[in-house]
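# Summary of structural features
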Amino acid sequence: MATQDNLSSISDLDMVVDADAHISERAEQLVPYLDEPYRSMFGGSDEESANVATPSYPKDELFRALGGKLQWEDVSTAEAEEEAMERFGLDHVLITPTLNLYLPIFSDERYAHALSKAYNDFLIDEFLDDGPEGFKGMITISPLAPDKAAEEIDRLADHPDMVGVIVGSTGIFPPLGDRRYDPIYEALEDNDMPFVLHGATGSFTSAHPFIKRGMKSYGELHTVSHPFTQMFQMTSMLGQGIPERYPDIDIVFQEAGIGWIPFTMYRMDNEYEKRRSEFPTLRKKPSEYVKESFYFTSQPMIEPKQSKYVAWLIEMFDGTDNLMFSTDFPHYDFDTPEELFNMIRNHFGAEEVQKVFGGNAAEVFGIE
Amino acid sequence: MSANANRHQLCAVEDLDPGERLLKTISDREIGVFNVDGEFHAVANYCVHAGGPICEGRLSGKVTGEAGEWERDWECEGEILSCPWHGWEFDIDSGEFLADSQYQLITYETEIEAGTVYVVLGSA
């Protein structure tokens, strides 16, 4: 930990990249972009357009807003996203979907794929092509038909502002170490794209019904939903040797904070050391693959009274090389840049803090 | 092979067939002697992980495979010693821990002279 050249103010940062900036796309916004027959099936009238979600987006029975105590800003337009950028002093935002994180729990893989394409075209048309330079998008895929997901990656990877591929990670079953996803990894490799995993609490009812049933409140459910999702997917990818097979693919885990990372990687090292027979294709410890191939977005930051504990956690996974600041705005647990900055600025040198706030994201996503 | 004070008799060659082992205490050290295809290996009965009785563990093979390939194999039968406490696997010949070569079995040099197997302490 350097102490000589600490940054004293957030305004000293060269660049701030928000590596998880949600837009709140609505189902009816996607209807004009849907391929047939879905556009005609679900977009027949205005009234029905609003119900386009009915067949498969989960009906949200979660008590998210606490009866209005928590307020969600609507970020369904480029103007609203630009306003958020300016408010928080963000130079670049990596735009992430909301509804389209639910695609893994769809029953109809054709419809899920059509929605992913519609969302991607909507994103390009309404955000990326006319929006400010700082807008960066990712190709959303449905994991249900990996061959079609690979086609979608090939279709859009050349768009100058599509800088990665994102998948909703809650509900992907079997998890992402399975061989059925090889076409997706091959497309990522061919197109030199990072792979971004983002959980979704709204998918939990389908994905993990017993956990959902056992949690008596949204707060209980949300405590476990994101880290559990990411632990499940990361463990599968490590166990089945995804980073051994595809060492050039950068894999990014969003919105689960940082506490689960050292826990999971070192716990899995233990399993590897004691049960190596079950991981015969690994050539090094899981934690080493994590440090080399995996990246993480910061939100939601834990807030212990002593910030040194946060710094220690970050050090445990070589976080100054692997951590990317993120807001998760406009969700109720979003972080501001100041929150992370104040937590780490006394513990890491200027160069390391710059990497967390933009350098790592710039490298992984090719942002200039 | 000259006799020296560190050299201790373990057993007669004919007393330990290939695949067999025995445990002896020499100078307060528990030492396992293994006949692996006619090669004699002497190993401290102390796992470098947590001090478990490694020489009482299973001597067998290892599962191998290439990432992305379908096949899995069983190789090196009779050459992989695993600790009964936590399953750490070591190559009895190289002494290497299979999951991290920074860890090594504690091994001793063996010598055979006139049908007798000797261990040379201080050679670990």
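Each residue is numbered by its place in its chain's sequence as written, counting from 1. To label them, take the chains in the order written and letter them from A, then take the ligands in the order written and number them from 1. Two thresholds apply to this predicted model, a pLDDT of at least 70 for residue-level local features and 80 or more for giving and counting side-chain atom pairs, whereas whole-chain, interface and lining totals are computed over all residues. Side-chain figures throughout are based on the complete set of non-hydrogen atoms in the structure, without hydrogens or water.

At the interface, 13 residues of chain A touch 18 residues of chain B. Summed over both partners, buried area is the accessible surface (1.4 Å probe) that two parts give up on being assembled. In total, about 1300 Å² of surface goes out of reach between chain A and chain B, with carbon and sulfur atoms giving 53% of it. Looking at the side of chain A facing chain B, the largest losses of area belong to A:Glu273, A:Lys274 and A:Arg276, adding up to 41% of the total buried there. Note that A:Arg283 and B:Glu66 form a salt bridge whose closest N and O atoms lie 3.4 Å from each other. For this analysis, a polar contact is any N or O atom pair within 3.5 Å, provided that within protein one partner can donate a hydrogen and the other can accept it, and provided that sequence-adjacent residues contribute only side-chain to side-chain pairs. There are five residue pairs in polar contact (both at pLDDT 80 or more) connecting chain A and chain B. Secondary structure is summarised from DSSP: a helix means a run of H or I of at least four residues, a strand means a run of E of at least two, and numbering begins at the N terminus for each. Breaking the side of chain A that touches chain B down by element, the ones donating at least two residues are helix 11 (242–245) and helix 12 (260–274) of chain A. If one sorts the elements of the side of chain A that touches chain B by residue count, helix 12 of chain A sits on top with three residues. Amino acid classes used here: Ala, Val, Leu, Ile, Met, Phe, Trp, Tyr, Cys and Pro are nonpolar; Asp, Glu, Lys and Arg are charged; the rest, including Gly, are polar. Per-class residue counts for the side of chain A that touches chain B are two nonpolar, three polar and eight charged. Contacts were defined at the residue level, with two residues in contact if any of their heavy atoms lie within 4.5 Å. Throughout this description, the term salt bridge denotes a Lys or Arg side-chain nitrogen within 4 Å of a carboxyl oxygen of Asp or Glu.

To continue, consider helix 4 (residues 78–88) of chain A. Residues lying three or four places apart along an α-helix face the same way, a consequence of the helix completing one turn every 3.6 residues. Residue and element names in this part refer to chain A. Only protein chains enter the area calculation, which uses a 1.4 Å probe; residues under 20% of their type maximum are buried, those over 50% are exposed, and those in between are partly exposed. Regarding helix 4, the residues found buried are Ala78, Ala80, Glu81, Ala84, Met85 and Phe88. Buried residues of helix 4 fall within an arc of 165° about the axis and therefore sit on the same side. Set apart from the buried face of helix 4 by more than 90 degrees, the exposed residues are Glu79 and Glu86. Next to the buried residues of helix 4 lie strand 1 (17–22), strand 2 (92–96), helix 5 (109–128), strand 3 (135–140) and helix 16 (337–344). Arc, as used here, means the arc of the directions from the helix axis to the C-beta atoms.

This part is about the side chain of B:Thr64. Assignment of secondary structure puts B:Thr64 in strand 5 (residues 59–65). Assessed through its relative accessible area of 16%, B:Thr64 is described here as buried. At 3.2 Å, the side chain of B:Thr64 and the side chain of B:Glu75 are in polar contact. Once residues lying within four places of it in the same chain are set aside, the contact partners of B:Thr64 are A:Pro280, B:Glu71, B:Arg72, B:Asp73 and B:Glu75.

Another point: the pattern of salt bridges. All names here are of chain A. Evaluation of the coordinates by the stated rule reveals 21 salt bridges over all chains. Between Arg180 and Asp178 there is a salt bridge, with its nearest N and O atoms 3.1 Å apart. With a relative accessible area of 47%, Arg180 lands in the partly exposed category. The exposure class assigned to Asp178 is partly exposed, which follows from its relative accessible area of 27%. A salt bridge links Arg245 to Asp182; the nearest nitrogen and oxygen atoms lie 3.0 Å apart. Of the two residues, Arg245 is situated in helix 11 and Asp182 in helix 7 (residues 182–190); the sequence distance between them amounts to 63 residues. Within the structure, one salt-bridge network assembled from shared partners comprises Arg26, Glu28 and Asp74.

Here the focus is the confidence of the model for chain B. Scored from 0 to 100, pLDDT records how confident the predictor is in each individual residue. Mean pLDDT over chain B stands at 94; residues scoring 70 or higher make up 96%. When pLDDT is averaged over each helix and strand of chain B, the minimum, 95, is found for strand 1 (residues 7–12) of chain B and the maximum, 98, for strand 7 (residues 89–91) of chain B.

Glancing now at the environment of A:Glu220. Residue and element names in this part refer to chain A. Inspection of the secondary structure puts Glu220 in helix 10 (residues 218–239). The exposure class assigned to Glu220 is partly exposed, which follows from its relative accessible area of 35%. Residues Glu220 and Arg155 lie 65 residues apart in sequence; the distance between their C-alpha atoms is 40 Å. Among all residues touching Glu220, those that are not within four sequence positions of it are Gly214 and Met215.

All names here are of chain B. Should DSSP find at least two bridges between two strands, the strands are regarded as paired. The six strands lie next to each other as 1-9-8-4-3-2, forming an open sheet whose pairing is antiparallel. Only two strands of the sheet have a single neighbouring strand rather than two, namely strand 1 and strand 2 (21–26). The mean angle between the axes of side-by-side strands here comes to 30°, regardless of whether they run parallel or antiparallel. Pairing between strand 2 and strand 3 (residues 29–36): six bridges, direction antiparallel. Looking at the pairing, Ile26 lines up with Arg29 of strand 3. What counts as an axis is a line fitted to C-alpha atoms, over the stretch in contact for a helix, and the angles between N-to-C directions run from 0 to 180 degrees.

All names here are of chain A. Turning to helix 14 (residues 307–316), its buried residues number three or more, namely Val310, Ala311, Leu313 and Ile314. Within helix 14, the buried residues cover an arc of 160° as seen down the axis, which keeps them to one side. The first or second residue beyond helix 14 is Asp318, which carries a positive phi of 50°.

What follows deals with the packing of aromatic side chains. Residue and element names in this part refer to chain A. Pairing of aromatic side chains requires ring centres within 6.5 Å, counting the rings of Phe and Tyr and the six-membered ring of Trp. Pairs whose planes differ by under 30 degrees are stacked, by over 60 edge-to-face, and all others tilted. Within this structure, the stated rule accounts for 29 aromatic pairs over all chains. Ring centres of Phe122 and Phe127 lie 5.7 Å apart, and the angle between their planes is 70°; this geometry places the pair in the edge-to-face category. Residue classification places Phe122 among the buried positions, given a relative accessible area of 0%. For the pair Tyr309 and Trp312, a centre-to-centre distance of 5.4 Å together with 70° between the ring planes defines the contact as edge-to-face.

Helix-helix packing is characterised by the crossing angle of the two axes and by the distance between the axes. All names here are of chain A. Remark: helix 10 packs on helix 12, axes separated minimally by 11 Å, with the N-to-C direction vectors making an angle of 35°. Relative to helix 12, the crossing made by helix 10 is right-handed. Side by side, helix 10 and helix 12 meet where Pro227, Gln230, Met231, Met234, Thr235, Leu238 and Gly239 of the first sit next to Trp260, Phe263, Thr264, Met265 and Met268 of the second. For the contact of helix 10 with helix 12, the residue count by class is eight nonpolar, four polar and no charged. Working rule for handedness: look at the near helix, and if it is turned counterclockwise from the far one by less than a right angle, call the crossing left-handed; if clockwise, right-handed.

Another point: the environment of A:Glu352. Here A:Glu352 shows up in helix 17 (residues 350–365). Each C-alpha atom of the pair A:Glu352 and A:Gly319 lies 9.2 Å from the other, and the pair is 33 residues apart in sequence.

Take the environment of A:Met316 next. Checked against the element boundaries, A:Met316 lands in helix 14. Linking A:Met316 and A:Pro262, residues 54 residues apart in sequence, is a C-alpha distance of 6.0 Å.

All names here are of chain B. Strand order in the open sheet formed by three strands is 5-6-7, with antiparallel pairing between adjacent strands. This sheet does not close on itself; its edge strands, each paired only once, are strand 5 and strand 7. Each neighbouring strand pair of the sheet contributes to a mean axis angle of 60°, computed without reference to strand direction. With six bridges joining them, strand 5 and strand 6 (residues 72–82) adopt antiparallel strand pairing. Counted as the bridge partner of Lys62 is Glu75 from strand 6.

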